[in-house]
Amino acid sequence: ILLSLYFYFHAIMRLVRTYIFAKGEPESAIRADVISLFTVTPLTVLLVYYYGIEGAAFSSVLYYVVMAAVIIPRVYLKEFKQPAISWLQSVLTVMLLVCFTYVPAGYIAYAYYADNAFFLLLFYITASFAYGFCAINVIGEGLQKVLVNYVPILRIFIFNRYLG
């Protein structure tokens, strides 16, 4: 789970940092780096000391969370004229979907079928379908239309919001 959070936040923040540097406005990125230097670095030392490699993994996620907390609100207000809570809602939606699909499937698969690769794969595929079904019903109507234009069969998985 930590690795997937790391990849998600790393990808998002890399794009955002590239964008703000390309615009010639690196102030918020520099501010995030300074805050991370004085908050995340001491915590990293403690986390690695007490928890080893898991502490290092958590520290890398923490670095990007701090960076997102500093940079995202400014970028959202300035560029999109929206509060940062809209970004946070989308992130929390994705995390909740993961928690309600992949986590139970993984727990059941490892608890009862840890030695059987077929069942592990089956539970992963089932969770992926459940995640996809939920995700297509929580995304915006515009993105639903685009997806249905490219993959028309998806129309049968969408509840009442977009039927056209």
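Now for a look at the structure at hand. Quick caveat: nothing in here was measured; it's all calculated off a predicted structure.

1. Notes on the pattern of salt bridges
(1) Moving on: Under the definition given, this model contains four salt bridges.
(2) Moving on: A salt bridge links K78 to E25; the shortest N-O distance between them is 2.8 Å. Highlighted residues: K78 in helix α3 (residues 53–80) and E25 in the loop between α1 (2–22) and α2 (27–51), separated in sequence by 53 residues.
(3) Moving on: On the basis of relative accessibility, which here comes to 37%, the residue K78 falls in the partly exposed class.
(4) Moving on: A salt bridge links E141 to K145, with the nearest nitrogen and oxygen atoms 4.0 Å apart. Here E141 pairs with K145, and both are found in helix α6 (residues 141–150), just four residues apart, close to one helical turn.
(5) Moving on: Take K145: its relative accessible area is 36%, and that puts it in the partly exposed class.

2. Regarding the side chain of S28
(1) Moving on: The topology assignment puts S28 in helix α2.
(2) Moving on: Beyond its immediate chain neighbours, meaning those up to four positions away, S28 contacts I20, V70, I71 and R74.

3. Some thoughts on empty space enclosed by the protein
(1) Moving on: Under the defined criterion, the tally for this structure stands at one cavity of 30 Å³ or more.
(2) Moving on: What lines the largest cavity is simply Y19, I20, K23, E25, E27, S28, R74, V75, K78 and E79.
(3) Moving on: Elements that contribute at least two residues to the lining of the largest cavity include exactly α1, α2 and α3.
(4) Moving on: Per element, the largest residue contribution to the lining of the largest cavity is four residues, and it comes from α3.
(5) Moving on: Of the residues assigned to the lining of the largest cavity, the class counts are three nonpolar, one polar and six charged.

4. Thoughts on the layout of surface pockets
(1) Moving on: Here the second largest pocket is characterised by a volume of approximately 220 Å³.
(2) Moving on: S90, T93, V94, L97, Y131, A135, V138, I139, G140, L143 and L147 are the residues that line the second largest pocket.
(3) Moving on: Of all the secondary structure elements, the ones that give two or more residues to the lining of the second largest pocket are α4 (85–113), α5 (117–138) and α6.
(4) Moving on: In terms of residue count, α4 provides more of the lining of the second largest pocket than any other element does, four residues in total.
(5) Moving on: When the residues that make up the lining of the second largest pocket are grouped by side-chain class, the tally is eight nonpolar, three polar and no charged.

5. Looking at unusual backbone geometry
(1) Moving on: Of note in the backbone geometry, K81 takes a positive phi value of approximately 55 degrees without being a glycine.
(2) Moving on: Following the sequence through the fold, K81 ends up in the loop between α3 and α4.
(3) Moving on: Relative accessible area serves as the criterion here: at 65%, K81 is assigned to the exposed category.

6. With respect to the environment of N116
(1) Moving on: As for its position among the elements, N116 is in the loop between α4 and α5.
(2) Moving on: Judged by relative accessible area, N116 falls into the partly exposed class, the value being 30%.
(3) Moving on: Separated by 104 residues in the primary sequence, N116 and I12 place their C-alpha atoms 35 Å from one another.

Scoring rules and cut-offs
- Counting starts from 1 at the beginning of each chain's written sequence and moves along it residue by residue.
- Where local features are concerned, this predicted model is filtered to residues with pLDDT of at least 70; where side-chain atom pairs are given and counted, the filter is 80 or more; whole-chain, interface and lining totals use all residues.
- The basis for every side-chain value is the complete set of heavy atoms in the structure, and neither hydrogens nor water enter the calculation.
- By definition here, a salt bridge exists when the distance from a side-chain nitrogen of Lys or Arg to a carboxyl oxygen of Asp or Glu is within 4 Å.
- Numbering goes from the N terminus for both helices and strands, where a helix is a DSSP run of H or I of at least four residues and a strand is a run of E of at least two.
- Partly exposed residues are those whose accessible area sits between 20% and 50% of the maximum for their type, while under 20% is buried and over 50% is exposed, using a 1.4 Å probe and protein chains only.
- Every residue pair with non-hydrogen atoms within 4.5 Å of one another is taken to be in contact.
- The pocket and cavity definitions rest on a 1 Å grid over protein atoms only: a 1.4 Å probe that fits but cannot leave marks a cavity, an open set with protein on both sides within 12 Å along at least five of seven lines marks a pocket, and residues lining either have an atom within 4 Å of a point.
- Grid points are joined across faces, edges and corners, and a volume is the space filled by probe spheres set on the points.
- Residue polarity follows a fixed list, in which Ala, Val, Leu, Ile, Met, Phe, Trp, Tyr, Cys and Pro are nonpolar, Asp, Glu, Lys and Arg are charged, and the others, Gly among them, are polar.

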